[in-house]
Amino acid sequence: MSPNEQDPRIVVLAGDGIGPEIVAAARGVLDAFGSFDYDEQLIGGASIDALGTPLSDDALTACRSSDAVLLGAVGGPKWDTTDPDAPRPEQGLLGLRKGLGLYANLRPVKPLPALIDASPLRRERIEGTDLLVVRELTGGIYFGRKSREPDSALDECVYTAAEVERIAVAAFEAAERRAGGTGTGRVTSVDKANVLETSRLWREVVSGMAERWPAVELDHLLVDNAAMQLVSDPSQFDVIVTENMFGDILSDEAAMITGSLGMLPSASLGDGGPGVFEPVHGSAPDIAGQGAANPLATFLSVAMMLRHGLDRGTDADRVEAAVEAALGGGLRTADLFTGSGGERRVGTAEMTEAVIAAL
Ligand code: NAD
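Residues numbered from 1 in each chain as written. Predicted model: local features only at pLDDT ≥ 70, side-chain atom pairs only at ≥ 80, totals over all residues. Heavy atoms only, no water.

### Looking at the pairing of strand β10 (residues 239–242)
The condition that has to hold: Whether a residue is buried, partly exposed or exposed follows from its accessible area with a 1.4 Å probe, protein chains only, as a fraction of its type maximum: under 20%, in between, or over 50%, in that order. Secondary structure counts use DSSP, requiring at least four H or I residues in a row for a helix and at least two E residues in a row for a strand, with both numbered from the N terminus. Two strands form a pair only when DSSP identifies at least two bridges running between them.
Side chains Val239 and Val241 project from β10 onto one buried face, and the interleaved Ile240 and Thr242 project onto a second face that is buried too. Alignment of strand β5 (residues 131–136) against β10, held across four bridges, turns out to be parallel. From the neighbouring strand, leucine 132 faces β10, where its bridge partner is valine 239. Strand direction decides the pairing type here: strand β8 (residues 186–191) and β10, joined by four bridges, are parallel. In the sheet register, threonine 188 faces β10, and the bridge partner there is isoleucine 240.

What follows is the structure, encoded as structure tokens:
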């Protein structure tokens, strides 16, 4: 279908490795919902090879004026270097987040019934888990002042009340949305307020905001306890909101509940502008070009794009249901295949066809 003036404009950043394969598959899924105005741009190693930079000004400008950005993955051994002055594919991702002001990273974690035995955690521990990690993405220790002496090093951690407030708004709103009409949403704010001054500010600001969402319950957890609770009793959580570094660590820990990296979507959002929607996994250079990549994390990222980026929640629900249907029918890409009865091993193309058929 050729695009019309009013079609949503999607910048597609396929990237490297399996990126082009999974993004092409995701476009097939999106096309089932009508026509979109796609704008393909380069990022990562592909952009370094063609333009000498991991993210060109033209690509960033195209992203800024789009409705949403769909990203595959970046990186690979070809661009691994110890030369500090050489361009690196990952700089493209950081440049994109910074350039679009994407301060909220949303990672839902919900083990699908068909895959529950693929998790390293026991079935009875993870059943019923349906949580969302909301991670602050542009502040804290990763962005503070850094310095290095021969025998000492400094990484400064700074948060302003405004930075805490805007990420907390994202968390309270997500809890309200996830609760639907029931109003039983819950936000767990994770910090280290017994030790860190930034955490005491964090807790004060988040606590002061709770009355604006009377239907949402708020509690606080110290990060060490949260790490333990995530594996011992993950189904107690609804929305977890936390600062950049704690969120980085806790979201990877939570990811293991679902069993496979090939299943996890993410959304990075700012204030009103376009968001970036991408699978959590990397460019998987070991399986690139083989037609073996699991496209489901990218399809679930498309669902997040429809829900958060294009305000099409019903379409998002349909994508998620179609992914569950394909898995329910026994189809498994290599990363999900356990060899147990009822499973059939398939490649990217067959999995994609099954999801589109289920739509
Ligand atoms: P990776 O996620 O690419 O791969 C880890 C393992 O998981 C590999 O065995 C891979 O084959 C498998 N895997 C990942 N996604 C899969 C999928 N969709 N289907 C089937 N199997 C899948 O992580 P890595 O190997 O540590 O990194 C490879 C490259 O990706 C590096 O250059 C790294 O910097 C980059 N990376 C990019 C991102 C990103 O673009 N957001 C994230 C992480 C890593």
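From this point on, the discussion continues.
### Observations regarding unusual backbone geometry
Even without glycine at this site, alanine 284 takes up a positive phi of about 40°. Following the sequence through the fold, alanine 284 ends up in the loop between β12 (276–279) and α10 (296–309). Backbone geometry places aspartate 311, a non-glycine residue, at a positive phi of 60°. Summarising the element assignment, aspartate 311 is placed in the loop between α10 and α11 (313–328). For aspartate 311, a relative accessible area of 69% puts it in the exposed group.

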